[in-house]
Amino acid sequence: MVQLSWTGLLAAIALFVSGCNGLSIGTPDSGFGEDSEPDPAAIATPEPPQIDQYDVVVYGDELPGICAAIWAKKTLGNEGRVVLVRSQGAEAMLGGLLTRGGLAYLDFDKTPRWYVQPFSECFLDFLEQANVGESCVHPVRADEGMRRMLAEGGVSLLSNARLQPVVNEGRIDYAEVVGQNKRIEANSFIDTTQQAELAIAAGQPYYRGYESQDADLAQSTLGTSIVPIVEGLTIEELRQTEAQFHNDPNWVAQIEESIYSRNDAAGSQFWMSGFGFPLYQSYRDGYYFRSIAMGAAYHLDRNQPFSLQGFFWDKANVCELDGRSLSWNGFLFKYEVDTIREIEANDLQPTPEMMAELAEVEAWLREYSGNPEVEVILPPEIYVRHSVSVRDVVNPLSGQEIIAGGTPREESIATFSYDFDFRGGVDGLSLRVPPLPQYNFGIEHGLSRSIENLAIAGRSSGYEGIAVSVGRINTKNVYHGQGLGVAAAIAQQQGVPLNQITSRQVRDRWDQMMGRTTELRGRITADSNEYSQVR
């Protein structure tokens, strides 16, 4: 016999009553008959929502969002009302990828004289406020620096507030704070979350993976990483550990066999290049493993194939945060886009697979370093390089445009240069990687065409083809965020929709504010005929 608890029984009765559509239960004198009048005192009047009004709302606390908010406020002046909203709690570090994601090693612009340009102003301010030594940022100092930047810039911070936008006739009327009786209204909304959370909730269409390059690549994208802090291991101990695999002929022979047996000639040559080189000091505080020796040795010990599938110990960037604390970016996990989207929906939390594999990495480092005190400490969030790119923007930025020098000068705010970085490979993508680009870009690939007061900055903005492979780099998106902040302020001042503001207006405004002229240095770096496969 099936029994219901009292809770279940009451719920079932409530469900039955709500589904009766006018059917009355009881007698007239019971108070539930069809002729009875409800007692007004028994009907609760819902509290009207609290309504907070701003000129500009920036959603997401990544560094591009910090810069968007600060420059919106700077452009609007003292009367400007700008707020940075995030779903994380007040105790969570600001900065997303650079703090909670553990990505200490900064990727700098390779454009000559980038540091004297108006578009780099907010990034330079961050480097100073976070006390960056040369190439690496400590997560605690990054958090403290960004909090100072917001406070000094006069930007409000609202934490623990996940937003649900309400769109009416091509405009976000307001955003509801989920789980709170609160609405936020603004002239413009800028989404700087990694996965374009606000934009997608507003109905903005998007590409999955690399499908804008090839429709068959909707489930294919770059490797996802977890970037731990390795405690108890010095750089010198790390060099000594690596040297074991360089100097032992037996290890070298096994590693070569494992690589050549799983890769074609070109792939094997790529992985074996730099094999004998020791850990390289690329900056005062930053190091790079040019050799795959340690990763290949780990896979051999674990009886795992040397393959860019599942877990892969890659050549790594390592930051020396202090004498015995290292940030290590080289542990990749290959997932399909659907799985990555699930990880994003789970607030970028490490998966059980990741935690189990990194426990094995910790044990392996202890064994081969001879140091039982080594600890591998996982960050609060994982590092997703790419999952989606929004569509239906004013002017998307394509891979073909990038290799041709980017957008025209009149449609540009900045120049950026960095390698096309296909970290972990893209399954099914077969093309020659173009050389180092140096390209102009504007704000338009971050302006929604169909939602007039919405902009998107970050890895999920309007990239097409292989553009995201270089466009995802955080420094570029900081420049873009700064520009979108200025654009939102101009839209407020002129009383026009955000998506009507142009890159030229933004560039002219910050040139005026800074008293300097932006130099645009985009140039053709590859013959488009040689790279005709690139979209």
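About the thresholds
Residues numbered from 1 in each chain as written. Predicted model: local features only at pLDDT ≥ 70, side-chain atom pairs only at ≥ 80, totals over all residues. Heavy atoms only, no water. pLDDT = per-residue confidence, 0-100. Helix = DSSP H or I, 4+ residues; strand = E, 2+ residues; numbered from the N terminus. Contact = heavy atoms within 4.5 Å. Salt bridge = Lys/Arg side-chain N within 4 Å of Asp/Glu carboxyl O. Buried < 20%, exposed > 50% of the residue type's maximum accessible area, 1.4 Å probe, protein only. Expected span 1.5 Å × (residues − 1). Disulfide = S-S within 2.5 Å.

Engineer: What exactly am I supposed to notice about the confidence of the model for the protein here?
Structural biologist: Note that predicted coordinates carrying low pLDDT should not be read in detail. Mean pLDDT over the protein works out to 92, with 92% of the residues at or above the 70 mark. Strand β19 (residues 454-456) holds the highest mean pLDDT among the elements of the protein, 99, whereas helix α1 (residues 6-18) holds the lowest, 31. Here residues 1-35 is a poorly scored stretch, pLDDT under 50, and it has 11 contacts once near neighbours within four places are set aside; other chains count.

Engineer: Quick question: what am I supposed to make of the pattern of salt bridges here?
Structural biologist: Note that side chains of opposite charge can pair when their charged atoms are close. Enumeration according to the criterion identifies 28 salt bridges in this entry. Between Glu121 and Arg516 there is a salt bridge, and its shortest N-O distance comes to 3.4 Å. With Glu121 in helix α3 (residues 121-129) and Arg516 in the segment after α15 (503-514), this residue pair connects regions lying 395 residues apart in the sequence. What makes Glu121 partly exposed here is its relative accessible area of 30%. Through salt bridges with shared partners, a single network forms among Asp61, Arg86, Arg100 and Glu381.

Engineer: Even after reading the chapter, I still don't get helix α2 (residues 63-76), so can you show me in this structure?
Structural biologist: With 14 residues, α2 should cover 20 Å at 1.5 Å per step; its first-to-last C-alpha distance of 20 Å lies within 8% of that length. Judged by how many residues are buried, α2 sits mostly within the fold: 13 of 14 residues are covered. Downstream of α2 by a residue or two, Gly77 has a phi angle that is positive, lying close to 90°.

Engineer: I'm lost on helix α14 (residues 474-494) in this one. Help?
Structural biologist: One full turn of an α-helix is made of 3.6 residues, so residues set three or four places apart face in the same direction. Under the 1.5 Å per step criterion, the end-to-end length of α14 is 30 Å for 21 residues, consistent within 8% with the ideal 30 Å. Within α14, 18 of the 21 residues are buried, leaving the element largely enclosed by the surrounding structure. The positive-phi residue at the C-terminal boundary of α14 is Gly495, with phi of around 65°.

Engineer: Can you walk me through the state of the cysteines in this structure?
Structural biologist: Simply put, disulfide is the name for a covalent bond between the sulfur atoms of two cysteines. Under the criterion given, the structure shown has 2 disulfides. Residue pairing for Cys67: its cysteine sulfur links by disulfide to Cys122, the two sulfurs lying 2.1 Å apart. Looking along the S-S bond of the Cys67-Cys122 disulfide, the torsion reads about -90°, which is the left-handed sense. Of the two residues, Cys67 is situated in helix α2 and Cys122 in helix α3; the sequence distance between them amounts to 55 residues. Each member of the pair, Cys67 as well as Cys122, carries the same accessibility label: buried. There is a disulfide in this structure between Cys136 and Cys319, and the S-S distance comes to 2.0 Å. The sign of the -80° torsion about the S-S bond sets the Cys136-Cys319 disulfide as left-handed. Here Cys319 lies in strand β12 (residues 311-322) and Cys136 lies in the loop between α3 and α4 (139-153), a separation of 183 residues in the sequence. As far as the burial class goes, Cys136 and Cys319 line up, both buried. The connectivity of the disulfide-linked cysteines in the protein, indexed sequentially, is 1-2, 3-4.

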